[in-house]
Structures are given as C-alpha cells and as structure tokens.
Amino acid sequence: MSVNADAAILFQLQQFDLTLGKHRVLHNINLTVRQGEKIAIIGPSGAGKSSLLEVLYRQQPQQIALCPQQGGLVDMLSVYNNIFMGGLERHSSVYNLLNLIRSFNTPRAEIQQLCNELGLEDKLWHSPDRLSGGQRQRVAVGRALYRQQPVFLGDEPVSALDPLQAENILQLLINRHNTLLISLHNRRLALAHFDRVLALRAGELVYDGPAAALTSNDLDAFYAS
Ligand SMILES: Nc1ncnc2c1ncn2[C@@H]1O[C@H](COP(=O)(O)OP(=O)(O)OP(=O)(O)O)[C@@H](O)[C@H]1O
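Residues numbered from 1 in each chain as written. Predicted model: local features only at pLDDT ≥ 70, side-chain atom pairs only at ≥ 80, totals over all residues.

**Things to note about the site of the ligand**
Here is step 1: Taken together, 13 residues lie near the ligand, and Leu20, Ser45, Lys49, Ser50 and Ser51 sit nearest.
Here is step 2: The set of elements that each furnish at least two residues to the shell around the ligand consists of strand 2 (23-34) and helix 1 (49-59).
Here is step 3: The greatest single-element share of the shell around the ligand, amounting to three residues, is contributed by helix 1.
Here is step 4: Looking at the shell around the ligand residue by residue, the classes come out as three nonpolar, nine polar and one charged. (Near = placed C-beta within 6 Å. Helix = DSSP H or I, 4+ residues; strand = E, 2+ residues; numbered from the N terminus. Nonpolar A, V, L, I, M, F, W, Y, C, P; charged D, E, K, R; others polar.)

Written out as structure tokens, the structure is:
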C-alpha cells in the first residue's frame, strides 16, 4: 500500500476556507491527494468530514463515484433501478427510459452480479423502503460501484453494517477503485485498510500522515474533547 510521490495530483487545496451561513466549516486546509492513495478521514461529529468530501467532489465530479451519507435512494424505484442510476451517464436518455420500463439483459446481469457481491442477491426488485438500514446502505454502495469510476469518495459508507460486512464491503470498494477517500469512525478499519489518515477537528486538519504511524489510542485522542 505504498504511495507513489510522482503520481498525478487529483485534488489540491491550499489555505482553503469554507464558510456556510455564519459558520466557519473548514479552515486553512492544505491538502494534496495523488492518484492511488487510500485515505481515511476521521474526526468527531461536526468536524467537517462531509463538507471536505463535498468540496473535493466538486473539483471533478466526472471521475468520482460518490457515496453520500444519506444514500439518496429513491423509494419509488426498485433496488435494480436505484443501482442502475449510477450508470445513467453511460447510456442515452432513450436507453435509460426504456430500461426503466423493462430492464435490458446486460445491465440486469451486471446489477444482479453486483447485488450478489453486496449480499443483496434476492433484493433486486424490492423497494428500498422495505430494506433494513444496512441493506439500504449496501444499495447506495452498489450505485456508487456501478458508476465504475476510478475515484471513490464515501461518507461513512459502511457505518450501518455489521463488522464482517463492513470489512467485506470496504475491501470490495478498495479492490474496485484506484483512489479512495472515505470518512469513517471505525478505528480498526481506518488503520487496517488505509495508507493515510486525515483527522479533522472543528474544521481544521489536525493530522495528515501515514496510518502506519498511528495506534488506536492516537485515533481516540482525535475524538477527545
Ligand atoms: N449548510 C450548512 N450551513 C451551515 N452550517 C453547516 C452547513 N452544513 C454543515 N454545516 C456545519 O458544518 C459543520 C461540519 O459539518 P459536516 O457535516 O461536514 O461534519 P461531519 O464531520 O461530516 O459530521 P458527522 O460525522 O456528524 O457527519 C457542522 O458544524 C455543521 O453544523
């Protein structure tokens, strides 16, 4: 999991501030992310993790698979169609419309395979509002995977899963993307799966360094009040 210092820069922020309303959400962020990096973003609730991910997403949405914290699922559509939404840009509007009425064989096979990998094999034609929180989260992950982009930005994408599932889904995301930035509160996952850790506190980047240099106790300290 070594990082190539010559790899192309994907994201860069210099002395970056973000103010929303009267609230200073991010302050003096200096950050460079290169292709191939696997980065965990940690920090207490309200520290600015989602805001940072959104800022990075806006830099180049076309090559990013985004998995937002709310999931953005449409309950009126099946799991199949919710996942298919991740691939809308690969097809014409006519194809997308016809697929909504009656699914085409190719995307149906692709999405069935994806559902098998996500443990949703029998849920393809269910509505998301009939699923558990963890199942809904896996549908949102499926949609992001179906974007088939090289960069994954995830806002706590495995927070509702049991430990074994969280481990498996995280590994799936890592296998399918070259570069990942994922916010998460699970210390073990952050240290086991990522090269680099960003710790945010009250909108400021208080740690940016290798995961290998940190212990679980170090991570706890970033959450201490
Ligand atoms: N649209 C907004 N207007 C004003 N303040 C906002 C807005 N969006 C977020 N904030 C504030 O910005 C801060 C950072 O929010 P953010 O959602 O980025 O934190 P977070 O670290 O992702 O939190 P969590 O772990 O709870 O998801 C919070 O104090 C929040 O109240």
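**A word on the nonpolar core**
Here is step 1: One finds Ala40, Ile41 and Leu181 to be the most contacted residues of the largest nonpolar core, which totals 55 residues.
Here is step 2: The element that contributes the greatest number of residues to this core is helix 5 (residues 133-146), accounting for six residues.
Here is step 3: The residues touching Leu181, leaving out its near neighbours within four places in the chain, are Val33, Ile39, Ile41, Leu53, Leu56 and Leu153. (Core = buried A, V, L, I, M, F, W, Y, C linked by C-beta atoms within 7 Å. Buried ≥ 20, exposed ≤ 12 C-beta atoms within 10 Å, placed from the backbone. Contact = placed C-beta atoms within 7 Å.)

**Some words on the UniProt feature "domain: ABC transporter" (unreviewed entry) in the protein**
Here is step 1: As annotated in UniProt, the feature "domain: ABC transporter" (unreviewed entry) corresponds to residues 11-225 in the numbering used here.
Here is step 2: As a span, residues 11-225 carries 38% helix and 25% strand, and end to end its C-alpha atoms are 30 Å apart. (UniProt positions renumbered as here; feature names shortened; annotations may be inferred.)

**With respect to unusual backbone geometry**
Here is step 1: Although it is not a glycine, Asn28 sits at a positive phi angle of roughly 50 degrees.
Here is step 2: Following the sequence through the fold, Asn28 ends up in strand 2.
Here is step 3: For Asn28, a count of 12 C-beta atoms within 10 Å puts it in the exposed group.
Here is step 4: With phi around 45 degrees, Ala202 is a residue other than glycine that occupies positive phi space.

**Side note on the packing of helix 4 (residues 105-117) against helix 5**
Here is step 1: Two numbers describe how helix 4 lies on helix 5: the axes approach to 10 Å, and their chain directions differ by 130 degrees. The angle between helix 4 and helix 5 places the two elements in the oblique class. Relative to helix 5, helix 4 is oriented so that their crossing is right-handed. For the pair helix 4 and helix 5, contact is made by Ile111, Leu114 and Cys115 and by Gly142, Leu145 and Tyr146, respectively.
Here is step 2: For the contact of helix 4 with helix 5, the class distribution of residues is five nonpolar, one polar and no charged. (Axes fitted to C-alpha atoms, helices over the stretch in contact; angles between N-to-C directions. Parallel < 35°, antiparallel > 145°, perpendicular 65-115°, else oblique. Left-handed = near helix turned anticlockwise from the far one by under 90°.)

**Things to note about the sheet that holds strand 6 (residues 179-183)**
Here is step 1: Ordered in space as 4-5-6-3-7-8, the six strands form an open sheet in which the pairing is mixed. Taken across any chain shown, the strands that pair with only one partner, and hence form the sheet edges, are strand 4 (64-67) and strand 8 (204-210). Sheet twist, expressed as the average angle between the axes of neighbouring strands with direction ignored, equals 15 degrees.
Here is step 2: In this structure, strand 7 (residues 196-201) lies alongside strand 8, joined through six bridges in antiparallel fashion. Counterpart to Ala199 in the pairing with strand 8 is Tyr207.
Here is step 3: Along the sheet, helix 1 makes contact with strand 3 (38-42), strand 4, strand 5 (151-155), strand 6 and strand 7, crossing strand 5 at roughly 155 degrees.
Here is step 4: Along the sheet face, helix 5 touches strand 4 and strand 5 and points at about 170 degrees away from the line of strand 4. (Pairing = 2+ DSSP bridges.)

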